[in-house]
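Summary of structural features
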Amino acid sequence: MKPSTIKSRPLYGTLAPVPQATQHIAIVEGEGALALADAFAGHEALRRTIILFSPIAHRADHDQTAVLTSLSCEALHLASNVQELLGTLVTILSTATMGTRLYVSGSEDFIGRVTSEALRQGIEMDAIQTEHRGAPTRRVQCVHCKGFIDGVSASPALCPHCGLHLLVRDHYSRRLGAFMGVSIDAESPGDLPPPEAFGA
Amino acid sequence: MTLSFHAETFRDDYTFANSPAAIRAFPFPFDRDAYMYTVNIEQHVPGPVQSATEFPIHIDEHYVAEMRDRAITLAEDPLRCQSLPHMMTAEWDLLELLMTSMATHYPAHFTLSRDGDRWHWINRPMDVDQTFTFGDVSTLPQGPMEYVTRQCQGDFCLLDQREDNLWMDAGMVTSQADWSLDFDLGMNFMEWHAPVPLAHDLGVFERALKFLLNLQHGCPVRRLNWTMTINPRLDTSPENYHRWGIDKASVTPENVGDKVHLRVELQALWRLPRSNAIVFSIRGYLIKMDELVTQKKWARRFHRVLASLPQPIADYKGLGRFRDTTVAWLSRHDDGLPTSPGFAPD
């Protein structure tokens, strides 16, 4: 991935186990499972690795589940959706010790939600690795009604909470794990450009 | 000095106006006939008598009306005032800074008596008489930052310093030029400046951050920033952009003088003694074009600045829909004569 021109947008790297970590927690979604497998397969760190996986419902992620199962890690939690996965993550982090490292991979909006939750639980940013895999969708917060919109693939996007059409600004909050969405036709109501899909 | 406070509004019927004295005191931000980003930071030392920089904290004829407008905004959107849990010491630092400065320089309006930790604060214009224990949150009706900034003109941010960076970890922001405290809360200096065009490539933010990390207690600094606002609206927040954005389309050659305002921010930065945090104050001033052109020098100069402004800056400041109309209107007040050096009116 090219360095972002958006200075508040996180840069994503490539997952790599930190050898001296006492505990590894991998939180992955969809194709993120493959990023984890690429980094951890055959690594001794797997014995101290808990994996939380959220398959993407409408895709054939059975193979990815099989890939994760074959890693023989300390524990593998399968969640039926991201909300459930975050609940499990909070429980695990409540007993996490110093030396715990987090590895997050999936779509950008997934990485944003997981990172935001981990920061809220007191994990330091430099203890979190991220790798972007899958669709270039973004998580957006509507600045007007404060509602979050997951999986946004283009701008402008309709806010399902308040009905405004939002320009997705090039401004990202790690605390919220979201880009800012702001009314695109406030100065000229109804004047909507055609949606433009996000690049990777 | 004793101020006389206007009964005026910054929304709905927009009755805000400047007295001739307030026009003369307006912190006009251009010292030459063109504008470009610079690290225009100077020591926050006392300026001329009856100017915006005469005292560290400037209270003026709009004080009571601005505080009323802030209360309305907060009632509608409490997220305009937020503070992360580790900022409590900095909040008390801020309360001390503002109360002592206001009481020292405007004794007719504010009094602060201290007996150890027992403090007694009197704010006559707002009819407040409060005794509290410094450091004990339970003795104030709100947190110290919210309490004192509901009684002081300007927006305030508290910046925590760690990891060689500054972090926007608390603030009271109700009269902002289109940025969101709720969105930027917890960001570092580079992150919250991310949307600003051109300046990153000029290295402005790297130099400014390096400078601010070394800011010393007792040596505050200031700079001016500016934009333009249609109608004298304080709450030009992104949160309410879907309400005020339409105003930008309402400018016509006939109403420029009354509707179009130059909005100047006197930004100051103070190192705080207990928390080592930094106060970033953003004291806003509005002046309509009809008022601005009463000063011939400012009329000529602002016409030239606005006409020659680089397009990316005009776009970022959101001037697109009314810039040409305003330049045309201002041209009638520019006779082409040279302007004198410096900011002050002739």
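For clarity, every value in this text was computed on a predicted model and none was experimentally measured. Here the residue numbers are simple positions, counted from 1 along each chain's written sequence. In the order they appear in the text, chains get letters beginning with A and ligands get numbers beginning with 1. Since the coordinates come from a predicted model, pLDDT governs what is reported: local features require at least 70, and pairs of side-chain atoms require 80 or more to be given and counted, while whole-chain, interface and lining totals use all residues. Where side-chain values are given, they derive from all heavy atoms of the structure, hydrogens and water being excluded.

**Re helix α4 (residues 108–120) of chain A**
Residue and element names in this part refer to chain A. Between its terminal C-alpha atoms α4 stretches 18 Å, which fits the 18 Å expected from 13 residues at 1.5 Å a residue. For α4, the tally of buried residues reaches 11 of 13 residues, placing the bulk of the element in the interior. Considered for burial, the residues of α4 that qualify are Glu-108, Asp-109, Phe-110, Ile-111, Gly-112, Arg-113, Val-114, Thr-115, Ser-116, Glu-117 and Ala-118. Strands here mean DSSP runs of E at least two residues long; helices mean DSSP runs of H or I at least four residues long; both are numbered from the N terminus. Once α4 finishes, Gly-122 follows within two positions and takes phi at roughly 95 degrees, a positive value. Here a helix's expected span is defined as the number of its residues, less one, multiplied by 1.5 Å. We call a residue buried when its accessible area falls under 20% of the maximum for its residue type, exposed when it is over 50%, and partly exposed in between, using a 1.4 Å probe and counting protein chains only.

**Observations regarding the pattern of salt bridges**
Take a side-chain nitrogen of Lys or Arg and a carboxyl oxygen of Asp or Glu: if they are within 4 Å of each other, that pair is a salt bridge. On inspection of all chains with the given rule, the structure shows 33 salt bridges over all chains. Its salt-bridge partner being A:Lys146, residue B:Glu239 comes within 2.7 Å of it at the nearest N-O pair. Linking B:Glu239 in the loop between β8 (221–230) and α8 (241–244) with A:Lys146 in the loop between β6 (138–142) and β7 (148–152), this pair reaches from one chain into another. Like B:Glu239, the residue A:Lys146 is buried in the burial classification. Among the salt bridges present, the one from B:Arg274 reaches B:Glu96, with a minimum N-O distance of 2.9 Å. One end of the pair, B:Arg274, is in the loop between β9 (260–271) and β10 (278–288); the other, B:Glu96, is in helix α3 (residues 88–105), and 178 residues separate them in sequence. Residue B:Arg274 is classed as partly exposed on the basis of its relative accessible area of 43%. Its relative accessible area of 17% is what places B:Glu96 among the buried residues. Each of the salt bridges in this network shares a partner with another, and the network as a whole consists of A:Lys146, A:Arg175, B:Asp182 and B:Glu239.

**With respect to the packing of helix α3 (residues 82–93) of chain A against α4(A)**
All names here are of chain A. Packing of α3 against α4 brings their axes to within 10 Å, and their N-to-C directions diverge by 30 degrees. By the angle class used here, α3 and α4 are roughly parallel. For the crossing formed where α3 meets α4, the hand is right-handed. On α4, the residues that touch Val-82, Gln-83, Leu-85, Leu-86, Leu-89, Val-90 and Leu-93 of α3 are Phe-110, Arg-113, Val-114, Glu-117 and Ala-118. Classifying every residue of the contact of α3 with α4 gives nine nonpolar, one polar and two charged. Axes here refer to lines fitted to C-alpha atoms; in helices the fit is confined to the stretch in contact. Angles between the N-to-C directions go from 0 to 180 degrees. For classification purposes, angles smaller than 35 degrees are called roughly parallel, those larger than 145 roughly antiparallel, those between 65 and 115 roughly perpendicular, and all remaining angles oblique. Rotating anticlockwise by less than a right angle from the far helix to the near helix defines a left-handed crossing, while the corresponding clockwise rotation defines a right-handed one. Throughout, a residue-residue contact means that at least one pair of heavy atoms, one from each residue, lies within 4.5 Å. Each residue gets one of three labels, nonpolar for Ala, Val, Leu, Ile, Met, Phe, Trp, Tyr, Cys and Pro, charged for Asp, Glu, Lys and Arg, and polar for the others, Gly among them.

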